[in-house]
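Notes for the structure review
These are the residues of each chain, in order.
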Amino acid sequence: MMPYTYSLILFFTVIICFVASFDKRLRFDREFVPFLKSAALVAVFFIAWDVWFTSKGVWWFDTRYTLGLIIAGLPLEEWLFFIFIPFSCIFTYFCIDKFFRLQSLSAFNNIVVFVSVIICAVVALRYADRIYTVVTATVTILTLVLFHFAFRIQWITQASVVFTLLMLGFLPVNGILTGTGLESPIVNYNPMEFMGIRVLTIPVEDAVYGYTQFLWVLYFFKKFQSKSHESNQ
């Protein structure tokens, strides 16, 4: 059972969303290609980040909980993480966006971006010697500034609200990965490289990291989705 722990976490995270994708009221299966393109594109950056941090000892993996196949220093399951987890997140966004009108939330974009950038900037300055903290905060700042001022994205608050709801799933999934209910964590963190503030067993940086990844996958998903629909007309 132990070697399948990480893979089972991924399986149970994605299986309900995958099956529900074929529901005739949703038909998210029609969006599989745009999703895979966007997830793969964003994964290039985040996997490179993951490989680098692993090589620097910022975090490491207890391979007793994995199948044992290591690629570039990462377990196979960690590679799949960048497809399976975004799938559940984008599927959730797709469903909420389909049945609820959240467009009016764009009026709060200025506030969300301003507050988030200020908080991340203060944290980055305060913990400038903690590589996970400062890199995560910096990438998040750059993402929000690009999206809001350069790309003129209107759905930042909309995505932020959905991501907040996704925290209900994030806590148990990432909780197990970081040691909740296990003898030792699947993912271990160097205490000298992050703030040391945890929600249960989860470093706060993980949530911010996940938020930034979600925003980028969603951005490209919308781009590829639009192109796909145009080509089918």
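In short, a report on the structure.

With respect to the overall build of the protein chain
In terms of regular secondary structure, the protein chain is built from seven helices and six strands. Along the protein chain, helices (α) and strands (β) appear in the sequence α-α-β-β-β-α-α-α-α-β-β-β-α when read from the amino end. The globule rule puts the C-alpha radius of gyration for 233 residues at 17 Å, and the 18 Å found for the protein chain is close to it. Its C-alpha atoms put the protein chain at 50 × 40 × 30 Å along the principal axes. The burial tally for the protein chain puts 48% of its 233 residues in the buried class. When contacts within the protein chain are restricted to residue pairs at least 6 apart in sequence, long-range pairs at least 24 apart make up 79% of them.

Things to note about unusual backbone geometry
Its identity is not glycine, yet Arg27 carries a phi of approximately 50°, on the positive side. Relative to the helices and strands, Arg27 resides in the loop between α1 (5-20) and α2 (32-55). Of note, the phi angle at Arg152 is positive, near 55°, even though the residue is not glycine. Within the fold, Arg152 resides in the loop between α5 (131-150) and α6 (156-177). Since its relative accessible area comes to 58%, Arg152 is described here as exposed.

Description of the packing of α1 against helix α3 (residues 76-99)
Two packed helices can be described by the angle between their axes and the distance between those axes. In the contact formed by α1 and α3, the axes pass within 9 Å of each other and the chain directions differ by 30°. The angle between α1 and α3 places the two elements in the roughly parallel class. Two packed elements cross with a definite hand, and for α1 against α3 that hand is left-handed. When α1 is examined against α3, the residues Tyr6, Ser7, Leu10, Thr13, Val14, Cys17, Phe18 and Ala20 are found in contact with a partner set consisting of Glu77, Glu78, Leu80, Phe81, Phe84, Ile85, Phe87, Ser88 and Phe91. Of the residues belonging to the contact of α1 with α3, the class tally is twelve nonpolar, three polar and two charged.

Some words on the nonpolar core
In this structure, Trp59, Tyr132, Trp155 and Phe214 are the most contacted members of the largest nonpolar core, which totals 71 residues. Here this core takes eleven residues from α3, the largest share from any one element.

Description of α2
Helical periodicity: at 3.6 residues per turn, an α-helix aligns residues three or four positions apart in one direction. Compared with an ideal rise of 1.5 Å per residue, which puts 24 residues at 34 Å, α2 spans 33 Å between its outermost C-alpha atoms and is within 8% of the ideal. At Ala43, α2 shows its largest kink, close to 35°. Once α2 ends, the next one or two residues include Gly57, with phi positive near 75°.

Observations concerning the packing of helix α4 (residues 109-126) against α5
The N-to-C vectors of α4 and α5 enclose an angle of 155°; their axes lie 9 Å apart at closest approach. As summarised for this structure, α4 and α5 are arranged roughly antiparallel, according to the angle between their axes. In terms of crossing hand, the pair formed by α4 and α5 is left-handed. Only Thr133, Val134, Ala137, Thr140, Ile141, Leu144, Val145, His148 and Phe149 of α5 make contact with α4, whose side of the interface consists of Asn109, Asn110, Val113, Ser116, Val117, Cys120, Ala121, Val123 and Ala124. When its residues are assigned to classes, the contact of α4 with α5 shows twelve nonpolar, six polar and no charged.

Parameters and conventions
- Residues numbered from 1 in each chain as written.
- Predicted model: local features only at pLDDT ≥ 70, side-chain atom pairs only at ≥ 80, totals over all residues.
- Heavy atoms only, no water.
- Helix = DSSP H or I, 4+ residues; strand = E, 2+ residues; numbered from the N terminus.
- Rg over C-alpha atoms; globule rule 2.2 N^0.38 Å.
- Buried < 20%, exposed > 50% of the residue type's maximum accessible area, 1.4 Å probe, protein only.
- Contact = heavy atoms within 4.5 Å.
- Axes fitted to C-alpha atoms, helices over the stretch in contact; angles between N-to-C directions.
- Parallel < 35°, antiparallel > 145°, perpendicular 65-115°, else oblique.
- Left-handed = near helix turned anticlockwise from the far one by under 90°.
- Nonpolar A, V, L, I, M, F, W, Y, C, P; charged D, E, K, R; others polar.
- Core = buried A, V, L, I, M, F, W, Y, C linked by side-chain atoms within 4.5 Å.
- Expected span 1.5 Å × (residues − 1).
- Bend = angle between axes of the 7 residues up to and from the residue.

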